[in-house]
Every structure is written in C-alpha cells, then in structure tokens.
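Letter by letter, the chains look like this.
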Amino acid sequence: MDYSELITAIRNEDQEATRTLCLKAEEILYNYLVYSMSASDADARDAIQTMFEILIGKIQNGKEFRNPSGLLSYMLITCKNNYLNKVRRMDSEPWDRMVGEPRDAEGKADPMEVLIDEEIQAALQSCIDALPERNREFIEFFFEHPEVGADVIAERFQITDVNVWTKKHRILKKIYECVQKKL
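Once a new chain begins, its residue numbering starts again from 1 and follows that chain's sequence as written. A pLDDT threshold of at least 70 governs which residues receive local features in this predicted model, and a stricter bar of 80 or more applies before side-chain atom pairs are shown or counted, although totals over entire chains, interfaces and linings include all residues. Just so you know, side-chain values use all the structure's heavy atoms and leave hydrogens and water out.

> Teacher, can you tell me more about the state of the cysteines here?
Here, the word disulfide means a covalent bond between the sulfur atoms of two cysteines. Here, two cysteine sulfur atoms that lie within 2.5 Å of each other are counted as a disulfide. Enumeration according to the criterion identifies 1 disulfide in this entry. Sulfur-sulfur distance for the disulfide between Cys127 and Cys178 comes to 2.1 Å. Between Cys127 and Cys178, the disulfide has an S-S torsion of -85 degrees and is therefore left-handed. Of this pair, Cys127 sits in helix H5 (residues 111-130) while Cys178 sits in helix H8 (residues 161-182), and the two are 51 residues apart along the sequence. The secondary structure listing takes helices from DSSP runs of H or I that are at least 4 residues long and strands from runs of E that are at least 2 residues long, numbered from the N terminus.

Printed below as a string of structure tokens:
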C-alpha cells in the first residue's frame, strides 16, 4: 500500500484521513514489532507512537521525503530503532529495587524497608499532586482503569488514539524525574 496519502493528509491537516491512515499503518507496524522483534504490547505501541510523533512533526515542518511511496519502509525502520533504543536503555538501567516487600526469615517486613516504601509512596503522591490538573486527571484515570483501551481514553480526554500513549509516557517520565529529585 502506498502511504504517500498520509503526507498529503498531514499537510492538509485532515485529521480524519490522518487518523485512518495511521491506524492502518499501526496494525502493520504493531505486527512487525510483536512478531518479528518479540516486542511486548506496550513496547510496540510506544515505539509506534514515538515514530508517529517524529513523522508528523517532520511533515508539518515541511520535510520533504524523496520517495513518498517508501514511507512504510521509513516507518518500519523508525519503529524498529525506537524499540531497540528502548531495549538498550532498559538493559542499562540498574534494577535497584525488587518487586515485592522484603521480608525477614520469619516472613515479617523489614521495618527499614517499610519506611523507605512509605517515603517513596509519599514522594510519588506529592509528584502526582504537583502535576497540572489535566495531566493529573489523565494519569489517575490510567491508574484507576488499567484495562481501558486507548480509544476510550482518547475519547474521554479529547485527544487522538495515537497521542494517548505519548501523553501517558511523558507524564510518567515527569513523575519519575520528580520522585528521583525528592529521594
């Protein structure tokens, strides 16, 4: 399929055509990442979302594509690189904390670890409370309804499906950075 129509739709600010073409491409990109690269659902969606942000930004800024009919290849390569960069970053991050509460030989939680967990929880809540109201509502909705799909969230917050994952990860990054500063 020729995705050069996507360039035209973005330039003409035709949101419905852009959304339709992005969804068609997203299915192909998702399958490629999940089945060929063994990406998780979340990682595949993140890589695709990041690719669309880059692509749409370039097109809106007047970047010319020498071969518009090769746009799908560009999208595949960009998604693959986004995914591989994320995997590399994850591999290089230290895993300081274990999942679950540390316990002593009798199965009781270590009091020091409980205090640290409480400190982390307080810092986390403080950082969430410091977010702008719209972002706070958005991320709290995610926490309260983890099973809800991007389409429902997009409709509730009046954004595109494509922007749901980006917004989520940008907010989580801000929260993470805030918590790191407080600890």
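Okay, back to it.
> So what exactly am I meant to see when it comes to unusual backbone geometry here?
A negative phi angle characterises most non-glycine residues, just as the trans form characterises most peptide bonds. In this model, Glu13 sits at a positive phi of 55 degrees, which is unusual for a non-glycine residue. Examined against the element boundaries, Glu13 turns out to sit in the loop between helix H1 (4-11) and helix H2 (15-36). One non-glycine residue, Ser38, adopts positive backbone phi at about 60 degrees. Its location among the elements puts Ser38 in the loop between H2 and helix H3 (41-60).

> Help me understand H3 in this model?
Two residues of an α-helix separated by three or four positions point the same way, owing to the 3.6 residues in each turn. A helix is expected to span 1.5 Å for every residue after the first. When the terminal C-alpha atoms of H3 are compared, their 28 Å separation across 20 residues agrees well with the 28 Å that a helix rising 1.5 Å per residue should span. The buried label applies to any residue whose accessible area, calculated with a 1.4 Å probe on protein chains only, is under 20% of its type's maximum; exposed applies above 50%, and partly exposed to all values in between. Residues Asp43, Ala44, Asp46, Ala47, Ile48, Gln49, Met51, Phe52, Leu55 and Ile59 constitute the buried set of H3. Phi turns positive, to about 85 degrees, at Gly62, one or two residues after H3.

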